[in-house]
Amino acid sequence: MKKFVILTIIMSTLAFSGCSKEEKVVETLKEKDPIVEVKKEEIKKEEPVIEVIEEKNLSPISHMECEENQVNNRPFAVMLDNQVQARPQAGLDGAEIVYEILAEGNITRYMAIFATKSPKLIGPVRSARPYFIDKALEYDALYVHDGGSPQALDDIIRLKMADISAQSRGKNTFWRKSHKKRPHNEYTSADAIRKAANVSNYKKTVNIDMWKYYDKDTSIEGNELKNIDIPYSKNYKVTFKYDENTKLYDRHINNKPHLDEISKVELSAKNIIVQRASKKVLDSAGRLKIGLVGTGDGIYITNGEMKEVTWKKDSRRSITRFFYKNGEEVKLNPGVTWVEVIPKSLNYTQY
């Protein structure tokens, strides 16, 4: 009987203990987060990230962005007056490259190169000179002028240039405005030039051998140059002043901002090339010979920095190449370039 009672107590104790463990297990399961079964089709793989690089259309002469149909535009080169009575000039704010070179009487003249911009007014237009032709040939450009020196007019014919001269075109291509005195008041426009070229059946597109450009704005790691004065004569000084905010050089004439006649915008440059060349007076009229075929030296300026360079031009039609002292060809930053051609004897001031 005692054995039976002891056995009963043991079995009851085990039963009670078992129930407690089961309740604890159930309680523990309830406290945990529910297990969610995920079906295979619900698991999605991450799609690979593909970087889309948008191809830009770039101007053939300045590496600035343009429309697709402008990429192979034939450039046109316009001779512009720079005497006091002609200032301010119209259309220079649309030029992508501008050359400034001395003419007779220590007065400079401009040749503005346009490819993708279409100013509604360009001028005052002036006459051709042989050394400007040397530069225009580099672009296979439409050459826009009003007459020229005897040698220049002979060169235009002999070299079979795409000539657009006021002396052989009508008033729909060139016209005079009354706010300036002759001969400093003759103007044209981009549309008028293109229409004149169509009348003459000149080709509309070209593939030219141009300078090298960086794909994006780049430091040339040169010496600091914030400002430069170029005194072409005692009465005429060009100054470029660096703007840290725009990273451009603003242009001044005789210490005053050089403004476009129509837009009133101050002219500026991303790149400045100062090119030294030989100069010789040819006749009593003061006509000059400027040696632009051959070799020489100069400086390249951009982003507040400068480096010394050499230049080389093999023929009248070939492009002028610029090189650093170590032989590496110069790359320019995308943007407007002013080329200041100066005599070997002229001293500029940098500061």
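Bringing the overall build of the protein chain into the picture now. On a plain count of helices and strands, the protein chain comes out with 4 helices and 22 strands. A buried classification covers 47% of the 351 residues belonging to the protein chain. Here the contacts in the protein chain between residues at least 6 apart in sequence split such that 62% fall between residues at least 24 apart. In the form shown here, the protein chain has an accessible surface area of approximately 20000 Å², with 51% of it arising from carbon and sulfur atoms.

Here we take up the packing of aromatic side chains. What the rule picks out here adds up to 8 aromatic pairs. Summarising the aromatic geometry, the rings of Tyr 131 and Phe 132 are spaced 5.3 Å apart at their centres and angled 35° between planes, so their arrangement reads as tilted. Side by side, Tyr 131 and Phe 132 carry an identical accessibility label, which is buried. Taken together, the ring pairs in this structure connect Tyr 110, Phe 240 and Trp 338 into an aromatic cluster.

Pairing of strand E15 (residues 271-281) with strand E17 (residues 294-302) involves 5 bridges; the strand directions are antiparallel. By the bridge assignment for E17, Val 274 is matched with Ile 299. As paired elements, E15 and strand E16 (residues 288-291) share 4 bridges and run antiparallel to each other. Each residue of the ladder has a partner; that of Ser 278, found in E16, is Gly 291. Where E15 hands over to E16, the hairpin turn is made up of 6 residues, of which Gly 286 adopts a positive phi near 85°.

Take helix H4 (residues 190-199) next. Residues that lie three or four places apart on an α-helix share one face, since the helix turns once every 3.6 residues. Restricting attention to buried positions, one finds in H4 the residues Ala 190, Ala 192, Ile 193, Ala 196 and Ala 197. The buried residues of H4 all sit within an arc of 165° when viewed along its axis, so they share a single face. Of the exposed residues in H4, the ones pointing more than 90 degrees away from its buried face are Asp 191, Lys 195 and Val 199. The inward-facing, buried residues of H4 contact strand E1 (76-80), strand E4 (142-145), strand E5 (162-165) and strand E6 (175-176). At the C-terminal side of H4, Asn 201 shows a positive phi close to 60°.

Cut-offs applied
- Residues numbered from 1 in each chain as written.
- Predicted model: local features only at pLDDT ≥ 70, side-chain atom pairs only at ≥ 80, totals over all residues.
- Heavy atoms only, no water.
- Helix = DSSP H or I, 4+ residues; strand = E, 2+ residues; numbered from the N terminus.
- Buried < 20%, exposed > 50% of the residue type's maximum accessible area, 1.4 Å probe, protein only.
- Contact = heavy atoms within 4.5 Å.
- Areas by Shrake-Rupley, 256 points an atom, 1.4 Å probe, with all protein chains shown as cover.
- Phe/Tyr/Trp six-rings, centres within 6.5 Å; stacked < 30°, edge-to-face > 60°.
- Pairing = 2+ DSSP bridges.
- Arc of directions from axis to C-beta.

Purely geometric stuff here, so don't read any function into it on its own.
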